[in-house]
Amino acid sequence: MDRHSPIPRHVAVVMDGNGRWAKQRYMPRFFGHKAGVDALVRAVDLFAERGVEYLTVFAFSSENWKRPSDEVSGLMGLVLVAVSKYLRRLATDGVRIRIIGDRDAVTDKLRAAWEEAESSTVHNTRITLSVAFNYGGRWDVVQACRRAMADGLGPTELTEDVLSRYTALAFAPDPDLFIRTGGEMRISNFLLWQAAYSELFFTECLWPDFGATEVDAALATYARRERRFGGIPAREAAAAAR
Ligand code: FPP
């Protein structure tokens, strides 16, 4: 077994299944997204308790604008409600909040709520919650290249390390564990650059039901995985060196 820390430093999550969870209850999709916010606050605490330092979640993708307009405006409104309902609690629980994504397309009110969430938690160190909103992995690579070019970097200076520093998650290590709830097995344009060597964990559990059982199942699976980063297993490398 390749020895790596049994606890991932950074966990990324595609929180899928809110709509189906609501449908099972004969409720509108928005009801599922609302329950999804509660599940997110619960998940932050559970991961922090287990020693995870960074949690990054996909809240609204660049492609989610294609959803019906009432669902899109509902999700935008939900952010404002979530910030007013939970910001104080997250802040006192030691959570640092970061927002990643294209802020240009959101309203001034939403941008102000994000800024308040970030500035009022900037000194917290227990866990960093990064919320990907109006985010896409391809957008991230393109914006990173554009900013690097704007800084005058030439083709030979643009290495993987340098480009990483321009990506939206430059402040965090790459995710060790990538979780998707809701039964689909795809990445859906989330963290394409950063998840190159993430361990993937898919669960049928719908996001609003995500709790301690699923957190522990995902972490136990991660602890058993052998990480190679394109190399050979550590024990074989050690044997070859003898
Ligand atoms: C996917 O479920 C979920 C989303 C597109 C939104 C996720 C957002 C939240 C959990 C709320 C987060 C909000 C804040 C304030 C951080 P789906 O609608 O695709 O579900 P389905 O696959 O069952 O239809």
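Residues numbered from 1 in each chain as written. Predicted model: local features only at pLDDT ≥ 70, side-chain atom pairs only at ≥ 80, totals over all residues. Heavy atoms only, no water.

Asker: Would you mind showing me how to read helix 3 (residues 69–92) here?
Answerer: The α-helix winds at 3.6 residues per turn, so residues separated by three or four positions along the chain end up facing the same way. Between its terminal C-alpha atoms helix 3 stretches 35 Å, which fits the 34 Å expected from 24 residues at 1.5 Å a residue. Along its length, helix 3 shows its largest kink, about 50 degrees, at Tyr86. Buried within helix 3 we find Glu71, Val72, Gly74, Leu75, Met76, Leu78, Val79, Ala82, Val83, Tyr86, Leu87 and Leu90. Two residues or fewer past helix 3, Gly94 is found with a positive phi of approximately 85 degrees. (Helix = DSSP H or I, 4+ residues; strand = E, 2+ residues; numbered from the N terminus. Expected span 1.5 Å × (residues − 1). Bend = angle between axes of the 7 residues up to and from the residue. Buried < 20%, exposed > 50% of the residue type's maximum accessible area, 1.4 Å probe, protein only.)

Asker: What am I meant to see in helix 5 (residues 137–150) here?
Answerer: With 14 residues, helix 5 should reach 20 Å at 1.5 Å per residue; the first-to-last C-alpha distance of 20 Å fits that figure. Where the residues of helix 5 are buried, they touch strand 4 (127–135) and helix 6 (160–164). One or two residues past the end of helix 5 sits Gly152, with phi positive at roughly 85 degrees. (Contact = heavy atoms within 4.5 Å.)

Asker: Just checking my understanding: could you explain the sheet that holds strand 1 (residues 10–14) for this structure?
Answerer: Picture the strands of a sheet paired through backbone hydrogen bonds; they go either parallel or antiparallel. Sheet architecture is open: six strands sit in the order 3-4-2-1-5-6, paired in parallel fashion. The open sheet has two edge strands, strand 3 (95–100) and strand 6 (199–202), and neither has a second partner. On average, each strand axis in the sheet is inclined to that of its neighbour by 20 degrees, with strand direction left out of account. Two elements, strand 1 and strand 5 (residues 177–180), share four bridges in a ladder whose sense is parallel. (Pairing = 2+ DSSP bridges. Axes fitted to C-alpha atoms, helices over the stretch in contact; angles between N-to-C directions.)

Asker: Sorry, what's going on with the packing of helix 2 (residues 29–49) against helix 3 here?
Answerer: Packed helix pairs are characterised by how far apart their axes lie and by the angle those axes make with each other. Two numbers describe how helix 2 lies on helix 3: the axes approach to 10 Å, and their chain directions differ by 30 degrees. Taken together, helix 2 and helix 3 sit at an angle that is classed as roughly parallel. As helix 2 packs across helix 3, the resulting crossing turns out to be right-handed. Each of Arg29, Phe30, His33, Lys34, Val37, Asp38, Val41 and Val44 in helix 2 lies in contact with helix 3, whose residues at this interface are Glu71, Gly74, Leu75, Leu78, Ala82, Lys85, Tyr86, Arg89 and Leu90. Split into classes, the residues belonging to the contact of helix 2 with helix 3 amount to nine nonpolar, two polar and six charged. (Parallel < 35°, antiparallel > 145°, perpendicular 65-115°, else oblique. Left-handed = near helix turned anticlockwise from the far one by under 90°. Nonpolar A, V, L, I, M, F, W, Y, C, P; charged D, E, K, R; others polar.)

Asker: What is the right way to look at the site of the ligand in this model?
Answerer: Not every one of the 18 residues close to the ligand is listed here, only the nearest: Asp16, Gly19, Arg20, Arg29 and Arg67. Here an oxygen atom of the ligand and a backbone polar atom of Gly17 are 3.4 Å apart. Asn18 is positioned such that a nitrogen or oxygen atom in its backbone is 3.2 Å from an oxygen atom of the ligand. Isolated, the ligand exposes 630 Å² of accessible area, and the fraction of that covered by the protein chains is 89%. Sorting elements by how many residues they give to the shell around the ligand places helix 2 first, with five residues. (Near = heavy atom within 4 Å. Polar contact = N/O pair within 3.5 Å; in protein donor to acceptor, adjacent residues only side chain to side chain. Areas by Shrake-Rupley, 256 points an atom, 1.4 Å probe, with all protein chains shown as cover.)

Asker: How do you make sense of the pairing of strand 1 when you look at a structure like this?
Answerer: Where a strand is regular, its side chains alternate between the two sheet faces. Counting buried positions along strand 1 yields five of five residues, so the element is predominantly enclosed. Here strand 1 shows a buried face lined by His10, Ala12 and Val14 and a second buried face lined by Val11 and Val13. Relative to strand 2 (residues 54–61), strand 1 runs parallel, the two sharing five bridges. Across the sheet, His10 pairs through a bridge with Tyr54, a residue of strand 2.

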